[in-house]
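Here is how the chains run, residue by residue.
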Amino acid sequence: MQMALIGVVFALILAIGLAVVRTFKVPVLNQLAMLFISFFRGTPLLVQLFLLYYGLPRVFPILINMDAFTASVIGLTLHFAAYKAESIRAAIMAVDKSQMEAALSTGMTSSQAMRRIILPQAARIATPSLMNYFIDMIKSTSLAFTLGVTEIMAKTQMEASSSFYFFESYLAVALIYWGVVLIFTQLQVHLERYLNKAY
Amino acid sequence: MIKVANLSKHFGDNVVLRQIDLDIKEGETTVIIGPSGTGKSTLLRCLNFLEHPTSATITIDDLVVDANSATKKQITALRKKTAFVFQNYALFANKTALENITEGLITVRGKSAVIAKQEAQAILKSIGLADKQDYYPSALSGGQQQRIGIARAMAAQSKVILFDEPTSALDPEWVGEVLGLMRQLAKQKQTMLIVTHEMQFAKEIADRVIFMDQGQIIEQGSADMIFNNPQDPRTRTFLQRVNQ
Ligand SMILES: Nc1ncnc2c1ncn2[C@@H]1O[C@H](COP(=O)(O)OP(=O)(O)OP(=O)(O)O)[C@@H](O)[C@H]1O
Ligand SMILES: [Mg+2]
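The shown structure was predicted, so the numbers you read here are calculated from the model rather than taken from an experiment. (Residues numbered from 1 in each chain as written. Chains lettered and ligands numbered in written order. Predicted model: local features only at pLDDT ≥ 70, side-chain atom pairs only at ≥ 80, totals over all residues. Heavy atoms only, no water.)

1. Points about unusual backbone geometry
Residues and elements named next belong to chain B. Cut-off, in case you're wondering: By definition, any uninterrupted DSSP run of H or I lasting at least four residues is a helix, any uninterrupted run of E lasting at least two residues is a strand, and each is numbered from the N terminus.
With a phi close to 45°, Q157 is a non-glycine residue in the positive phi region. Examined against the element boundaries, Q157 turns out to sit in the loop between α5 (142-155) and β7 (160-164). Even without a glycine there, the phi angle at Q214 is positive, about 45°. Relative to the helices and strands, Q214 is located in the loop between β9 (208-213) and β10 (216-221).

As structure tokens, this is what we get:
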């Protein structure tokens, strides 16, 4: 849970940055962003987590002290930032281009126009898909146990193997995830209703 | 006084504007007419640097901008002196009618929210939309949206307002109120440069009419001269066609 919450904030910030870089086609950064997005969308999260936690410290010894929790947060952040960046970019493109021109024509800078006119509208358009990624992210925290983080899955496994109640234990985990996701789905419904009321 | 010298615009190999020279006197209403694809919109957009001219020297009062050496600061200064009214209104969808007007006053001109609001309300009142100040664009008719678009340009108190076919996206029922507002501005001696296909309106409002064809100014003069006694055969052909 904590993992998903920390990850969601960082992923969002990174994703907005990537999306803006892609939208303005900032030289060099745009190519790097494309590579980043392509890699993190094109490979499985599990592989990315293993690469980050077991692979990278071999090459960069400084990373050897990185604990499994940090690695999981970073992995989830990077992975979902790549997805979110694309949905934010699509949302930016969906905002009528003439509003950008209108803003510029009055003398606003492009970053003022982005912040005050375009991004608020893009946020509204992107919210449903961003919420879906957030829910995905909550579910994906279960993969962190493969790195040895004793999150809910890991605890259950230990519990189950000592008690032999495999079905009951894993069913309980499923129900917990389901419950959490249901709560966030409700939040999503309210958020969308609120955003649609605005204008 | 606005002076445009040697304005050219190329899109790749496509030469859209060829060495346009243009003077606009303060308080004058100038109307540009001409066939589709001739570069009328591109000319207006170049004056506001929404398109960067391939070459041009634009002088407004003491501001001189050369397209080849224009700095960001100069472009912003030029944009503050040239307000734009768009064919499709281009209102900020996430802002109310009032906020559409105050936005530029606050972010670009650094006015306080209170002052900006007072000025915007005064303008809304003068154009008969005071009761719509808290409406979002989506809740306004096309005619009301375009009048807010014009109000946004008025609030900027720029030297000239550039209109690119302000009524051609409107349902016929709303055209009248927008033209009415433009008449009101002409009466107040607001300097305007208008691209339009409304010939009747052009005849009536223009102090000066410019006929453009294929990226060049072919002929210009009073409305009477251009509409009743055009000299160039291209002008005559065009007017015959639109009068049919
Ligand atoms: N961004 C652009 N990139 C490439 N070519 C362009 C661009 N904008 C305009 N053009 C070209 O420039 C020419 C002039 O277009 P412009 O829109 O200025 O004509 P116009 O006189 O306003 O026509 P209309 O009366 O139909 O609005 C056209 O051939 C058009 O294809
Ligand atoms: Mg045009």
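2. Section: the packing of aromatic side chains
For any pair of aromatic rings, geometry is given as the distance between the ring centres together with the angle between the planes. Selection rule: Note on ring pairs: Phe, Tyr and Trp rings are taken, using the six-membered ring of Trp, and paired if centres are within 6.5 Å. Classes follow the plane angle, with under 30 degrees stacked, over 60 edge-to-face and the rest tilted. Burial status follows relative accessibility: with a 1.4 Å probe on protein chains alone, a residue under 20% of its type maximum counts as buried, one over 50% as exposed, and anything between as partly exposed.
If you walk through the whole model with that rule in mind, you get eight aromatic pairs over all chains. Ring centres 4.9 Å apart and planes at 65° place the aromatic pair Y53 of chain A and Y54 of chain A in the edge-to-face group. Note on Y54 of chain A: relative accessible area 40%, which makes it partly exposed. On the basis of an interplanar angle of 40° and a centroid distance of 5.2 Å, the ring pair of F211 of chain B and F238 of chain B is categorised as tilted. Residue F211 of chain B is found in strand β9, and its partner F238 of chain B is found in helix α9 (residues 233-243); the two are separated by 27 residues along the sequence. When sorted by exposure, F211 of chain B lands in the same class as F238 of chain B, which is buried. One aromatic cluster is present, formed by F36, F39 and F40 of chain A through successive ring pairs.

3. A few points about the packing of helix α4 (residues 68-94) of chain A against helix α6 (residues 110-140) of chain A
Residue and element names in this part refer to chain A. As a reminder, the rule being used: Think of each axis as a best-fit line through the C-alpha atoms, taken over the contacting stretch in the case of a helix, with angles from 0 to 180 degrees between the N-to-C directions. Should the near helix be turned anticlockwise from the far one by less than a right angle, the crossing is left-handed, and should it be turned clockwise, the crossing is right-handed. In this description, contact between two residues means that some pair of their heavy atoms is separated by no more than 4.5 Å. Three classes are used, and their members are as follows: Ala, Val, Leu, Ile, Met, Phe, Trp, Tyr, Cys and Pro are nonpolar, Asp, Glu, Lys and Arg are charged, and the others, Gly among them, are polar.
As a packed pair, α4 and α6 sit with axes 8 Å apart at the nearest point and diverge in direction by 145°. The crossing of α4 and α6 is right-handed. Contact residues: α4 offers L76, T77, F80, Y83, K84, S87, I88, A91, I92 and A94, while α6 offers M114, I118, L119, A122, I125, A126, S129, L130, Y133, D136, M137 and S140. A per-class count over the contact of α4 with α6 returns 16 nonpolar, four polar and two charged.

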